[in-house]
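Residue-level listing of the chains:
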Amino acid sequence: MFTGIIKDVGRVGGVTRRQGGLRLRVQFSNAAEFADLSVDESVSINGACQTVVALGEGWFEVDTVEETLSKTTLGSLHHGSLVNLERAVRPQDRLGGHFVLGHVDCAAVVEKIRELGSSREIWIAFPDAFSPFIVSAGSITIDGISLTVAKLEPLLFAVAVIPYTFAQTTINELKSGSRVNLEFDILGKYVARQLGRPPSSVAVASKIDEGWLREQGF
Ligand SMILES: Cc1cc2nc3c(=O)[nH]c(=O)nc-3n(C[C@H](O)[C@H](O)[C@H](O)CO)c2cc1C
Ligand SMILES: Nc1c(NC[C@H](O)[C@H](O)[C@H](O)CO)[nH]c(=O)[nH]c1=O
């Protein structure tokens, strides 16, 4: 489990195709944060929980399987790509963000970015199937970053990004048309379940998302 408070921006040091997926090497820059990292640990990479399978001086590797590649943007990473990193939460940590599971629900597309003084307003287009999971002032995870839904319109929502978050995460790399990983708040998923919307409908919606993205020209 994670909180969506990004502790480091790492750089992809290698992508190797393997049967059933990819081996990703990530070089971290915050050595203190990763000093006691061990094999078998969970790390959030752009919001997707991944298991460390190998590590060395300043780097670790994960195996990204097809299921993850189909639901996230990890498949488009290349040598040099910057990624948001967060280690799994410890029971004594402060919950600065919200409960983030590291299960990406879908990839979505940045519609537009507006500069508002020192902040940015980032608008994201999302597939209709996920509408029940987004509420104004609720929490949402974009590429692993815990953010608050500032504005909500049909099939579009906006987050207000403060200068600190802009500087400390890869959110400063986004442009109109960029693809991002979304994880919706777990609370909404339980409510949807209570209302008779089984979790499997979310998985189906992720597949719809792929078609929807193609229809939008991405
Ligand atoms: C504890 C945990 C460890 C995971 N480890 C991996 C992994 O090593 N490789 C992978 O491709 N997906 C892994 N996943 C699944 C991955 O996060 C998921 O497919 C995407 O977030 C899409 O929902 C893991 C998920 C959890 C909860
Ligand atoms: N909730 C919002 C945040 N939260 C803080 C970020 O998650 C944090 O700065 C980042 O993970 C780096 O550690 N930041 C915003 O800009 N806007 C929000 O709505």
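Keep in mind the model is a prediction, meaning the values are calculated, not measured. (Residues numbered from 1 in each chain as written. Chains lettered and ligands numbered in written order. Predicted model: local features only at pLDDT ≥ 70, side-chain atom pairs only at ≥ 80, totals over all residues. Heavy atoms only, no water.)

Engineer: Sorry, what's going on with the sheet that holds strand S6 (residues 82–87) here?
Structural biologist: Strand-to-strand pairing in sheets goes through backbone hydrogen bonds, with the strands running parallel or antiparallel. Pairing is antiparallel in the closed barrel, where six strands are placed in the order S1-S2-S5-S4-S3-S6. Neighbouring strand axes in the sheet, compared pairwise and without regard to direction, differ in orientation by 45 degrees on average. (Pairing = 2+ DSSP bridges. Helix = DSSP H or I, 4+ residues; strand = E, 2+ residues; numbered from the N terminus. Axes fitted to C-alpha atoms, helices over the stretch in contact; angles between N-to-C directions.)

Engineer: Help me understand the UniProt feature "domain: Lumazine-binding" (unreviewed entry) in the protein, please; the structure alone is not making it clear to me.
Structural biologist: Using the residue numbers shown here, the UniProt feature "domain: Lumazine-binding" (unreviewed entry) corresponds to residues 1–98 and 99–195. Taken as a whole, residues 1–98 contains 10% helix and 45% strand, while its terminal C-alpha atoms sit 10 Å from one another. Measuring from the first to the last C-alpha atom of residues 99–195 gives 22 Å, for a span that is 15% helix and 44% strand. (UniProt positions renumbered as here; feature names shortened; annotations may be inferred.)

Engineer: For this particular structure, what's the right way to read a nonpolar patch on the surface?
Structural biologist: A cluster of nonpolar side chains, Met1, Leu95 and Phe99, forms an exposed patch at the surface whose accessible area comes to about 290 Å². Turning to its location among the elements, Leu95 is positioned in the loop between S6 and strand S7 (106–116). (Patch = residues over 30% accessible without salt bridge, like charges linked within 9 Å, V, L, I, M, F, W, Y side chains within 5 Å. Areas by Shrake-Rupley, 256 points an atom, 1.4 Å probe, with all protein chains shown as cover. Salt bridge = Lys/Arg side-chain N within 4 Å of Asp/Glu carboxyl O.)

Engineer: Got a minute to help me understand the site of ligand 2 in this structure?
Structural biologist: With respect to spatial proximity, 13 residues lie near ligand 2, and among them Ile6, Ser146, Ala160, Ile162 and Thr165 are the closest. In the environment of ligand 2, an oxygen atom lies 3.0 Å from a nitrogen or oxygen atom belonging to the backbone of Thr148. The separation between a nitrogen atom of ligand 2 and a polar main-chain atom of Ala160 is 2.7 Å. When ligand 2 is considered free in solution it has 450 Å² of accessible area, and contact with the protein chains removes 84% of it. At the level of elements, strand S10 (145–153), strand S11 (156–161) and helix H3 (163–168) are the ones that each hand at least two residues to the shell around ligand 2. In terms of residues, the shell around ligand 2 owes the most to one element, S10, which gives four residues. Of the residues that constitute the shell around ligand 2, the class distribution is eight nonpolar, five polar and no charged. (Near = heavy atom within 4 Å. Polar contact = N/O pair within 3.5 Å; in protein donor to acceptor, adjacent residues only side chain to side chain. Nonpolar A, V, L, I, M, F, W, Y, C, P; charged D, E, K, R; others polar.)

Engineer: Can you walk me through the pattern of salt bridges in this structure?
Structural biologist: Opposite charge on two side chains lets them pair, provided their charged atoms get close. Counted under the stated rule, the structure contains ten salt bridges. Here Glu61 and Arg25 are joined by a salt bridge, their closest N and O atoms 2.7 Å apart. Of this pair, Glu61 sits in strand S5 (residues 59–65) while Arg25 is found in strand S2 (residues 21–27), placing the two residues 36 residues apart along the sequence. Judged by its relative accessible area of 11%, Glu61 falls in the buried class. For the salt bridge of Lys189 with Asp105, the shortest nitrogen-to-oxygen distance reads 2.9 Å. Of the two residues, Lys189 is situated in helix H4 (residues 186–194) and Asp105 in the loop between S6 and S7; the sequence distance between them amounts to 84 residues. On the basis of relative accessibility, which here comes to 18%, the residue Lys189 falls in the buried class. Beyond isolated ion pairs, a larger network of salt bridges with shared partners links Arg23, Arg25, Glu61 and Asp63. (Buried < 20%, exposed > 50% of the residue type's maximum accessible area, 1.4 Å probe, protein only.)

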